[in-house]
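# Summary of structural features
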Amino acid sequence: MFTTYRLELPEPVTLNKLQIPVFTHMFLQNVSAHKVQVDPIQGKRISVTYLSSYPREQIEREVAIFLERFTPEHDEASASSAEILEPELNMVELDEPPLEKLCSCCTPGNQRNISDDLLEQRWLTLLKNQELAYHRPIITLLEYFDQSYVDYVGRRIGDCQQRQYSVLLPASFAEKMNYFHSAPMHLLLATHLSHDHETMKSFAADVSANNGKLPQDCGPYLETPPYILQSAPCYKVYMEMEDQVFEDNTAFVLKGQSFRNEGKRVYLLERLLNFTMREFVFLGTPEYVTRMRDLTLGWTIEWMEAAGLKGECALANDPFFLPGKVKQNFKVPKHVKYEVRADIPYKNDTISIASYDTHGDFFAKTFNFRLRDNAETWSGCIGLGLERVVWSFLQQYGLQSEHWPAAIPESVK
Ligand SMILES: [Zn+2]
């Protein structure tokens, strides 16, 4: 189980809203903790959640060492770039979805942590470097929840254009949206050796001299990364739409891989470096994009209720797309992101299984696509993390399929 260690700081950690995710990410890379929260108002209170079995003195020591290193002057550059961000965004007030009603009130039958069961019963096997092998029951559940979500929500959305893309996002495309400023800690880059004969030869010689291991410093052999591994599949839709004029509100449906450098936080199906996302993307008028957000939130909660998955909708504050610096004036809703969270009963916690981002005109302006007859074109997307759906379902009901909700078909059990 987990214990929480709270500490009051004499001086506030001077963090603005863009720096808090960077701070928490760095914190969790350095401290053996499960979760860290910084009081966003005064920045003087930090709560650290860690495994109860871990020695308290050790945690206190790690926290002290980390905080000593994290001094405000290290972050002056990003603080000033964040200040530029605020005035150049034009915040639009939209009606909030009815959060208090968006709750899937089921009664899960399992309170135990199923992590060990998954490994003992070989539904998952752990490979080296925190890699996993999914076995048949997991694969079946991933396929089932994906198809059932597409059937339930996709059918209600109506006509959707299907797409399939690779996992590689050209770096030049990412640069256009100032991607590299926004969440550098989650970046995974894809590159290759420089294409000249001499480089290849000396690389091979270096590897041979190093007993087959990669050279300590690969930098001199590599090209500047031409690609990044995408952090969400929907980016490719905006890339495809670049410089296009389209006639009507349009929905897309796609499934793809997402990559996020989670460092030491990787944990079974709960937090993965590479996971599968089912996405719907909406391009059109602000009214259409906002209406689809509200409708799909409601349908997702209905779908969860039908499957027996307990959870609720909540406001979230880590939009995936807003960069640290903006070059033009974007119109974005005041609340750009909502998420659906599923219960994890054994630790009395919830995890995000789906997010609902309304980008305003950010992608339309950045990539110059628009509706033919409308002055204003917006975009929005919803993404369902399939591994987390399966994880939360199994945490709620256990591995014995006779205890699963009646809605789960026999073919899945
Ligand atoms: Zn998306």
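Rules and cut-offs
- Residues numbered from 1 in each chain as written.
- Predicted model: local features only at pLDDT ≥ 70, side-chain atom pairs only at ≥ 80, totals over all residues.
- Helix = DSSP H or I, 4+ residues; strand = E, 2+ residues; numbered from the N terminus.
- Buried ≥ 20, exposed ≤ 12 C-beta atoms within 10 Å, placed from the backbone.
- Contact = placed C-beta atoms within 7 Å.
- Core = buried A, V, L, I, M, F, W, Y, C linked by C-beta atoms within 7 Å.
- Pairing = 2+ DSSP bridges.
- Expected span 1.5 Å × (residues − 1).

The next thing to look at is the overall build of the protein chain. Secondary structure assignment for the protein chain yields 12 helices and 20 strands. Counting every position in the protein chain, which comprises 413 residues, the buried fraction comes to 31%. A fraction of 76% describes how many contacts in the protein chain between residues 6 or more apart in sequence connect residues 24 or more apart.

Grouped together as the largest cluster of nonpolar side chains are 65 residues, with contacts concentrated most on Phe145, Val281, Phe282, Leu384, Val389, Val390 and Phe393. At 8 residues, the largest contribution of residues to this core is made by helix α10 (residues 286-307). Among all residues touching Val281, those that are not within four sequence positions of it are Cys234, Val237, Phe252, Ser379 and Cys381.

Reading across the sheet, the 3 strands line up as β9-β11-β10 and stay open at both edges, with antiparallel pairing between neighbours. In this open sheet, the two edge strands, each paired with only one partner strand, are β9 (168-170) and β10 (189-190). Here 2 bridges tie β10 to strand β11 (residues 227-229), and the two strands are oriented antiparallel to one another. Bridging across to β11, Leu189 finds its partner in Ile228.

Moving on: helix α12 (residues 386-397). Over its 12 residues, α12 runs 17 Å from end to end, which matches the ideal 16 Å to within 8%, given 1.5 Å per residue. For α12, a buried count of 12 out of 12 residues is recorded, marking the element as mostly surrounded by other parts of the structure. Gly398, located one to two residues past α12, shows a positive phi value of around 80 degrees.

Moving on to the environment of Val289. Its location among the elements puts Val289 in helix α10. The spacing of Val289 and Asn249 is 40 residues in sequence and 8.5 Å in space, taken between C-alpha atoms. Excluding its chain neighbours within four sequence positions, the residues that come into contact with Val289 are Phe282, Gly284, Thr358, Trp378, Ser379 and Gly380.

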